[in-house]
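For reference, the chains in residue letters:
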Amino acid sequence: MSEKAPLLHYRLTTSTGPEPKDVPKHSSAKAGRDGRRTKEKNAPKLGVVFGVVIPTLLSMFSVVVFLRIGFVVGQAGLYQSIAMFLVAYFIITMTVLSVCAISTNGALDAGGAYYMISRALGPEFGGSIGIMFFFANVCGSALYILGLVEAILSAFGIPEGLHQVLPTGYWWSLLYGTVLLFLCFIVCLVGAHIYAKATFIIFIIVTTVLASIFISFFIVGPVVVILPDTSVFNRTSLSITNYTGFRLHTLEDNLLRNYTVDYTTGAMMSFATVFAVMFNGCTGIMAGSNMSGDLKNPSYSIPRGTLAAVLITFITYNMLSVMAAWSCDRRLLQRDYSFLGDINIWPPLVTVGIYSSTMSAAMSNLIGASRILYALSKDNLFGGVLALARKTSRSGNPWASVLVSWLLVQVVLFAGKLNTIAGIVTIFFLLVYAAVNLACLALEWASAPNFRPSFRCFTWHTCTLGILGCLIMMFLISAIYAFASIAFMLLLLMLIHYLGPISNWGYISQALIFHQVRKYLLMLDVRKDHVKFWRPQVLLMVANPRSCTGLMTFINDLKKSGLYVLGHVKLGLLDGLPSDPLQSRYDSWLSLVDHLNIKAFVNLTLADSVRHGVQNLLFITGFGGMRPNTIVLGFYDDCTPQDHLQGKILMSTGHGLDAVCPSKEPGEQRPPFFSIVRGAEELKDLQKEEYVSVIADAVKMGKNVTLARYFNQFNREEQSMTGPFVDVWPLNLLRPDSCGYVDICSLFLLQLACVLQETRAWKQARLRLFLCVEAGCSLQEEEETKLRVMLKELRISAQVQMVAWDQVVALHWQRQGGRERGNLVESAQNEERMEREEKTEEENGIQTFPNNAAQLTDEYICAVNSLIHRHGAPKPAVRFLYLPRPPADTNRYSAYLHQVDLLSRDLGPTLLIHGVTPVVTTDL
């Protein structure tokens, strides 16, 4: 049962559906048995030992154990060698703990470390680190091939030696490496199971060779070793050194460091360069993870197999270091990297072990690189660039990925020497290990409820130590290579972020952002608000997005890094509906937000009326100190809406915004992104009185109100190129008897205009402030001076223009003087009563709509509208007008809306603004 459970887990999503009714039961049962046999035949078969332990051991027991253990001890001494192993294994142990935690938190697929990182951190980090890990495996495979070539030439390419068979030189070495790489390519091309069988045979050989090496240290007595001394000028001569056996004086000579020139490259060695070579013996810890797609139960096999392999190699490396330092002369360790064969009881056995282990490690890295490339191509993160790598054989082997990996390894072989590329390989692997630790740390810090791995031997401390250890060693080895690799990774990250498709893996960034935003929202205390830090936080009510894209983009400029919410009310009741009809619409709204490139949230509500829906949104929108303080409404007029999304293409999906989108279910089609715009003959969803009631409700709730009109004529691209004008009329034009310019609402107009001018798209805009005065009035100069001083104190740059409106005001006073005498007493009584009602509001510095509607005539308002027209040259991009507060008497709502309509008629894009909160200050 335990062996079949994993298969069931992997095959749950591949159900073939219900049986056809016309098929006999015994036929379907037979077909089911045949299908199970086929699935079991193609199912992953590798377990802990063959799938993880053996590949990991062979990947780690390669160049270092046979060809570089003497190099490490001879250059660094025993003390520093052990210190290097401790540092290296500390890093990889922290990484292994993170790997175990991630791999036991869910089912793994092909791709190993790439799969874990991408599913944990999202496609941007996963894809960029996956490419880095792919290159690390490619370079690692080339490194092992070069190590094998070095071993072959040391045995058969010595010019003065008795066994000279092969010619030497750079091009000959490249030829030998190409042939050996082609053999690895053939094995990997056949498939993972052949590779597993081959590695088991190699594992037996390597185990036998290691046993013979340990035995030889105890059996073989002192030996005089003849070794080649290759100079940097490629001249050769014979020199002699000693294998002393276990001698105390030999151990004492090898305890301390003695860095010299590496005889294969001619470069001076240091702690960092020796560590870079040594660390390649620890980079095989992902060999089992890379085989995750071929494992029977990856979540079970990877933790156990990897930890076992790490422990075995750590013990082996340290024992070999101690024995080599105790028994070998320092010159032998520094000048003969294949000394283990010289002191073995049967030297050819070590040669066989070197050849087999390095071939196995090269194959392990080659097949690992191909599996990572195949996983990257399946995820389609790079579009059609990796389309070729998706091709597989009938058995599922990604032969195209193996081919591409083989070609890249062949390119790296041109480096020529093992120690030349050792530093690059090490930095690549360290960067990948740091990313694995980062993935585990991010999952732990995000506190996601679904992150509960069965492997619990890790904390955020182990992840952090692993990251720091990797980064420190990267920059110690080579700061240039480290910076270059990180920069390359970040470049890939940006490319995937902006060009890659949206995935459904889950983004760890979203979990971390949620965690941080919640914390900072709790810290955002509304009791500490101050007018100095006021910013517009806007709720834009949208009836149909098709008709108001211009307004949506304009308000995005006006928000000044504040909260911006798109609100929509759908008429209806939840009673009788099977589910919430709004949940399925959020994707369309968010897609539109992306299409318009605006920074806005979306909040939809269901209500029996528009007024109640707006009330709901004003009550519930936002959190803590991030709540809308300004509501923007489209103007209530008779204009026919226009569809601005007709023919537009949504870049993220390629679907048209006006097309019927095909559904996943056959024969079913999804509705368009948004309903079509209202026709000229269709009725609106709300009446005039309800519209004004929405304005009055917002004012009562302490919200600033803005009415936007004619923004169907607004074109942001044209305005940003022409250096537009922004006209501000701060006087309540519906109160001709008012003479105050410095009230809360006027200052709110100025603040919004200034905020608009400070945005990047409106930097070239020029503010024009129109001051309405009566010619010959004694207050004209006084008001102008007062206004200019106020603008200076508020740091607002605007062009002040004096507008004489004597003739316009005269129309109002003529109407006042022409009243019939019989109505004077009644009018006086009405005015006295209304003044008492307005007293409280005027004390707050807000001018209201004239309660006696008879005081204003259409002739006067049309004259004011004409005055605004005459002073609108050049034509402004947008106008800011003073919006008085709605009357307290609901019976005058229609008159209020009619007069505001006349005031703003045919003015182009216009904002009628009513501010209720102080927004400016002259204090520091």
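Each residue is numbered by its place in its chain's sequence as written, counting from 1. Given that this is a predicted model, residues contribute local features only at a pLDDT of at least 70 and side-chain atom pairs are listed and counted only at 80 or more, while totals for whole chains, interfaces and linings are drawn from all residues. Think of the side-chain values as coming from all heavy atoms in the structure, minus any hydrogens and water.

You'll find the protein entered in an unreviewed UniProt entry as Solute carrier family 12 member 9, with Seriola lalandi dorsalis given as the organism. In the Subcellular location (unreviewed entry) part of its UniProt record, the protein is described as follows: "Membrane". UniProt positions are given in the numbering used here, feature names are shortened, and annotations may be inferred rather than shown by experiment. Taken from UniProt, the Sequence similarities (unreviewed entry) comment for the protein reads in full: "Belongs to the SLC12A transporter family."

Draft legend 1. Looking closely at the overall build of the protein. Each helix and strand in the protein was counted, giving 31 helices and twelve strands. Residues classed as buried in the protein amount to 52% of the 924 residues present. We call two residues in contact when some of their heavy atoms are within 4.5 Å. Long-range contacts, defined as pairs at least 24 residues apart, comprise 82% of the intrachain contacts of the protein with a sequence gap of at least 6. Taken as a whole, the protein presents about 43,200 Å² of accessible surface, with 60% of it coming from carbon and sulfur. Strands here mean DSSP runs of E at least two residues long; helices mean DSSP runs of H or I at least four residues long; both are numbered from the N terminus. Throughout, exposure labels follow a simple rule: accessible area from a 1.4 Å probe, protein chains only, divided by the maximum for the residue type, with under 20% read as buried, over 50% as exposed, and the rest as partly exposed. For every accessible area listed, the method is Shrake-Rupley and the probe measures 1.4 Å; residues are considered covered only by the protein chains on display.

Draft legend 2. Quick peek at the side chain of Q334. Along the chain, Q334 turns up in helix α13 (residues 330–335). Since its relative accessible area comes to 7%, Q334 is described here as buried. Think of a polar contact as two N or O atoms within 3.5 Å of one another; within protein, one of them needs to be a possible hydrogen donor and the other a possible acceptor, and neighboring residues in sequence only count if both atoms come from side chains. A polar contact of 2.9 Å, which involves the side chain of Q334, links it to the backbone oxygen of N258. Setting aside anything within four residues of it in sequence, one finds Q334 in contact with G74, Q75, N258, T260 and Y263.

Draft legend 3. Seen up close, the pattern of salt bridges. We define a salt bridge as a side-chain nitrogen of Lys or Arg found within 4 Å of a carboxyl oxygen belonging to Asp or Glu. With the rule as written, the count across this model stands at nine salt bridges. One salt-bridge network, in which partners are shared between bridges, spans D637, R709, D901 and R905.

Draft legend 4. Structural context of the nonpolar core. Of all hydrophobic cores here, the largest spans 156 residues; its most connected members are I92, Y317 and F339. Here the element with the most residues in this core is helix α4 (residues 63–103); it accounts for 23 residues. If we ignore the near neighbours within four places in the chain, the residues touching F339 are I69, G70, A324, C328, L332 and L333. The nonpolar core is taken to be a set of buried Ala, Val, Leu, Ile, Met, Phe, Trp, Tyr and Cys residues, with the residues joined through side-chain atoms within 4.5 Å. Formed by 57 residues, the second largest nonpolar core is a distinct cluster that contains L582, V726, L750 and L767.

Draft legend 5. Structural context of the sheet that holds strand β3 (residues 538–541). For two strands to be treated as a pair, DSSP must find at least two bridges joining them. Strand order in the open sheet formed by ten strands is β5-β4-β3-β6-β7-β12-β11-β8-β9-β10, with mixed pairing between adjacent strands. Each of the sheet's edge strands pairs with one partner strand only, and the pair in question is β5 (601–607) and β10 (799–804). Taken over all neighbouring pairs, the strand axes of this sheet differ in orientation by 25 degrees on average, direction set aside. Inspection of the sheet shows β3 paired to strand β6 (residues 630–634) by three bridges, in the parallel sense. Paired with L539 across the two strands is I631, which belongs to β6. Axis definition: a line fitted to C-alpha atoms, over the contacting stretch in the case of helices. Angles run 0 to 180 degrees between N-to-C directions. Packed on one face of the sheet, helix α26 (residues 744–758) meets β6, β7 (704–709), β8 (725–729), β9 (766–773), β11 (878–882) and β12 (910–914) and runs near 165 degrees to β11.

Draft legend 6. Fine view of the packing of helix α6 (residues 123–156) against helix α7 (residues 170–190). Between α6 and α7, the shortest axis-to-axis distance is 9 Å and the interhelical angle comes to 120 degrees. As summarised for this structure, α6 and α7 are arranged oblique, according to the angle between their axes. When the axes of α6 and α7 are compared, the crossing they make is right-handed. Here S141, I145, L148, V149, I152 and L153 of α6 lie close against α7, whose contacting residues are S173, Y176, G177, L180, L181 and C184. For this classification, Asp, Glu, Lys and Arg are treated as charged, while Ala, Val, Leu, Ile, Met, Phe, Trp, Tyr, Cys and Pro are nonpolar and the rest, including Gly, are polar. Here the residues of the contact of α6 with α7 sort into nine nonpolar, three polar and no charged. Comment on the angle field: the value is read as roughly parallel under 35 degrees, roughly antiparallel over 145, roughly perpendicular from 65 to 115, and oblique elsewhere. In this scheme, a crossing is called left-handed if the near helix is turned counterclockwise away from the far one by less than a right angle; it is called right-handed if the turn is clockwise.

Draft legend 7. View of the pairing of β8. Within β8, five of the five residues are buried, leaving the element largely enclosed by the surrounding structure. On β8, burial covers both faces: F725, D727 and W729 on one face and V726 and V728 on the other are all buried. Where β8 lies against β9, four bridges are found, and the strand directions are parallel. Bridge pairing in β9 links V726 to L767. Relative to β11, β8 runs parallel, the two sharing four bridges. Paired with D727 across the two strands is R879, which belongs to β11.

Draft legend 8. Up close: unusual backbone geometry. At the junction of A873 and P874, the peptide bond is cis and its omega measures out at -10 degrees in the coordinates. Structurally, the position occupied by P874 is in the loop between α30 (858–870) and β11. For Y710, which is not a glycine, the phi torsion comes out positive at approximately 65 degrees. With respect to the element layout, Y710 can be found in the loop between β7 and α25 (716–722). Under the relative-accessibility criterion, Y710 is labelled buried at 10%. If you check the backbone angles, D906 has positive phi at about 60 degrees while not being a glycine. By the secondary structure assignment, D906 is in the loop between α31 (893–903) and β12. By relative accessible area, D906 is classed as exposed at 52%.

Draft legend 9. Quick look at the confidence of the model for the protein. pLDDT expresses, on a scale from 0 to 100, how confident the predictor is about each individual residue. Confidence in the prediction of the protein, expressed as mean pLDDT, is 79, and 80% of residues score 70 or more. Taken as a whole, residues 659–670 scores under 50 in pLDDT and shows twelve contacts with residues more than four places along the chain or in a different chain. Considering only residues more than four positions removed or in separate chains, one finds that residues 818–832, a stretch of pLDDT under 50, has four contacts.

Draft legend 10. Representation of helix α3 (residues 48–60) within the structure. Working rule for helices: expected span equals 1.5 Å times residues minus one. In this model, α3 (13 residues) spans 17 Å end to end at C-alpha, consistent with the 18 Å of a helix rising 1.5 Å per residue. Within α3, ten of the 13 residues are buried, which leaves it mostly tucked inside the rest of the structure.

Draft legend 11. Region of interest: the pairing of β7. Of all six residues in β7, six are buried, a share of seventy percent or more. Alternating residues of β7 divide into N704, T706 and A708 and V705, L707 and R709, and every residue in both groups is buried. Taken together, the five bridges between β7 and β12 define a ladder with antiparallel strand orientation. Looking at the pairing, V705 lines up with H914 of β12.

Draft legend 12. How the structure looks around the packing of aromatic side chains. Stacked, tilted and edge-to-face are the three classes assigned to paired rings of Phe, Tyr and Trp, where Trp is represented by its six-membered ring and a pair needs centres within 6.5 Å; plane angles under 30 degrees give stacked, over 60 edge-to-face, the rest tilted. Counted according to the given criterion, the structure contains 31 aromatic pairs. Between F182 and F185, the aromatic rings sit 6.0 Å apart at their centres with planes inclined by 45 degrees, giving tilted as the arrangement. Highlighted residues: F182 and F185, both in helix α7, separated by three residues, approximately one helical turn. Looking at F182, the relative accessible area reads 39%, which means it is partly exposed. Given a relative accessible area of 7%, F185 falls into the buried group.

Draft legend 13. Representation of the environment of W326 in the model. Along the chain, the position of W326 falls in helix α12 (residues 298–327). Spatially, the C-alpha atom of W326 lies 9.8 Å from that of Y243, the residues being 83 residues apart in sequence. Not counting residues up to four positions away in its chain, the partners in contact with W326 are T244, G245, F246, R247, L248, T250 and L251.

Draft legend 14. Region of the structure containing the packing of helix α17 (residues 418–446) against helix α20 (residues 508–523). Their axes nearest at 9 Å, the elements α17 and α20 cross at an angle of 40 degrees. Put simply, α17 runs oblique to α20. Regarding α17 and α20, the two cross each other, and that crossing is left-handed. Facing A442, L443, W445 and A446 of α17, the residues of α20 in contact are I508, A511, L512 and H515. Split by residue class, the contact of α17 with α20 holds seven nonpolar, one polar and no charged.

Draft legend 15. Here's a closer look at the environment of D253. Within the secondary structure, D253 sits in helix α9 (residues 248–253). What makes D253 exposed here is its relative accessible area of 54%. In the structure, D253 is positioned 73 residues away from W326 in sequence and 8.9 Å away in space, judged by C-alpha atoms.

Draft legend 16. Examining the state of the cysteines more closely. Sulfur atoms of two cysteines make up a disulfide when they are within 2.5 Å. On inspection of all chains with the given rule, the structure shows zero disulfides. As a non-bridged cysteine, C100 has C457 as the owner of its nearest cysteine sulfur, 8.8 Å distant.

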